[in-house]
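Residue-level listing of the chains:
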Amino acid sequence: MISRLEEIKLLAQCMAADNREAYSRLVVAYADLLRGFLLNLTGGDSMLADDLAQETFIKAWQGIRSFKGMAGFKTWLFRIAINEYLSHRRRPASYTASLDDVRGDAMLADSSPHDDSDARHDARIALDSLPPAERTIAVLFYLEDLPIKKICQLTEMPEGTVKSHLSRARNHMAQFLKQDRYEL
């Protein structure tokens, strides 16, 4: 991780001189955080998370001059990632069907009894069952451990809406996990 001062310096170099080396350092500094966030949003689909991360970094580079610095670079980057994820979810089913098939195979290949506990697997499936807005809020709150105020900044939603999505996500996940196949 880089310091806030180093981040500001790198951003200034990117904006003033299209310094790709400075941007590369920002990518390296935030790649793992962004990829982890996207892995949680995509239900563990590493290929989709990688694709979305790549698109996020490309869009961030293309729009680097529009970064106002009102929030941190990470917040701005995560906002772009959320938009990329939601855009992916809005694509026609015929376009995403093959990606969903690959994602299912990737989840099976990625999970093993040694890597993932049953509870983690169940939570991943429950998260995957949520509508996109609820999943985004749940991932930000529970997995990224962000406070409600920060989630409001990232999603550009009012606090009441965020709390409502979080409550619905909690209820949906509880109902999903109570289904017969998940009862002991």
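Refer to the preceding data block for the structure.
Because the structure is predicted, anything quoted here is derived from the model rather than measured. (Residues numbered from 1 in each chain as written. Predicted model: local features only at pLDDT ≥ 70, side-chain atom pairs only at ≥ 80, totals over all residues. Heavy atoms only, no water.)

Peer 1: So what's going on with the nonpolar core? Which residues, and what values?
Peer 2: Of all hydrophobic cores here, the largest spans 47 residues; its most connected members are Tyr23, Leu26, Leu34, Phe37, Leu38 and Phe73. Every element with two or more residues in this core is listed here: helix H1 (4-17), helix H2 (20-41), helix H3 (46-62), helix H4 (73-90), helix H6 (118-128), helix H7 (132-143), helix H8 (148-155) and helix H9 (159-178). Not counting residues up to four positions away in its chain, the partners in contact with leucine 34 are Ala53, Thr56, Phe57, Leu77, Phe78 and Ala81. (Core = buried A, V, L, I, M, F, W, Y, C linked by side-chain atoms within 4.5 Å. Buried < 20%, exposed > 50% of the residue type's maximum accessible area, 1.4 Å probe, protein only. Helix = DSSP H or I, 4+ residues; strand = E, 2+ residues; numbered from the N terminus. Contact = heavy atoms within 4.5 Å.)

Peer 1: How would you sum up the side chain of aspartate 45? Please name residues and give values.
Peer 2: As for its position among the elements, aspartate 45 is in the loop between H2 and H3. On the basis of relative accessible area, aspartate 45 is assigned to the buried category, the value being 3%. A polar side-chain atom of aspartate 45 sits 3.1 Å from the main-chain amide nitrogen of leucine 48. (Polar contact = N/O pair within 3.5 Å; in protein donor to acceptor, adjacent residues only side chain to side chain.)

Peer 1: Tell me about the environment of glutamate 159, and please be specific about residues and values.
Peer 2: Mapping glutamate 159 onto the fold places it in helix H9. Considering only alpha carbons, one finds glutamate 159 and isoleucine 148, 11 residues apart in sequence, at a separation of 7.0 Å. If near-sequence neighbours (up to four positions away) are discounted, glutamate 159 is found in contact with Ile148, Lys149 and Cys152. At 2.8 Å, the side chain of glutamate 159 and the side chain of lysine 149 are in polar contact.

Peer 1: Explain the environment of phenylalanine 141 to me, using residue names and the numbers behind them.
Peer 2: Turning to its location among the elements, phenylalanine 141 is positioned in helix H7. A relative accessible area of 25% means that phenylalanine 141 is categorised as partly exposed. A sequence separation of 21 residues divides phenylalanine 141 from valine 162, and the C-alpha atoms of the two residues are 9.8 Å apart. Beyond its immediate chain neighbours, meaning those up to four positions away, phenylalanine 141 contacts Leu146, Ile148, Ile151 and Leu166.

Peer 1: Describe the pattern of salt bridges, naming the residues involved and giving the relevant values.
Peer 2: Under the defined criterion, the tally for this structure stands at 8 salt bridges. Taking the shortest distance from any N to any O, the salt bridge between aspartate 18 and arginine 65 comes out at 3.1 Å. Placement of the pair is aspartate 18 in the loop between H1 and H2 and arginine 65 in the loop between H3 and H4, with a sequence separation of 47 residues. Taking the relative accessible area as the measure of exposure, aspartate 18 reaches 39% and is therefore partly exposed. Under the relative-accessibility criterion, arginine 65 is labelled exposed at 52%. Residue lysine 149 pairs with glutamate 159 through a salt bridge whose shortest N-O separation is 2.8 Å. Of this pair, lysine 149 sits in helix H8 while glutamate 159 sits in helix H9, and the two are 10 residues apart along the sequence. Among the residues examined, lysine 149 registers a relative accessible area of 59% and is labelled exposed. Three or more residues joined by partner-sharing salt bridges are found here, namely Lys149, Glu159 and Lys163. (Salt bridge = Lys/Arg side-chain N within 4 Å of Asp/Glu carboxyl O.)

Peer 1: Report on the packing of H3 against H4, specifying residues and quantitative values.
Peer 2: The geometry of H3 relative to H4 is characterised by a closest axis approach of 9 Å and an angle of 125 degrees between their N-to-C directions. Taken together, the axes of H3 and H4 are oblique relative to one another. When you trace H3 past H4, the crossing you get is right-handed. Judged by residue contacts, Leu48, Leu52, Glu55, Thr56, Phe57, Lys59 and Ala60 of H3 engage Trp76, Leu77, Ile80, Ala81, Glu84, Tyr85 and His88 from H4. (Axes fitted to C-alpha atoms, helices over the stretch in contact; angles between N-to-C directions. Parallel < 35°, antiparallel > 145°, perpendicular 65-115°, else oblique. Left-handed = near helix turned anticlockwise from the far one by under 90°.)

Peer 1: Describe H1, naming the residues involved and giving the relevant values.
Peer 2: Under the 1.5 Å per step criterion, the end-to-end length of H1 is 20 Å for 14 residues, consistent within 8% with the ideal 20 Å. For H1, every residue scored as buried is listed here: Glu6, Glu7, Leu10, Leu11 and Cys14. Viewed along the axis of H1, the buried residues span an arc of 135 degrees, placing them on a single side of the element. Away from its buried face by more than 90 degrees, H1 exposes Leu5, Ala16 and Ala17. The elements touched by buried residues of H1 are H2, H3 and H4. Remark: aspartate 18 follows H1 within two positions and exhibits a positive phi of approximately 50 degrees. (Expected span 1.5 Å × (residues − 1). Arc of directions from axis to C-beta.)

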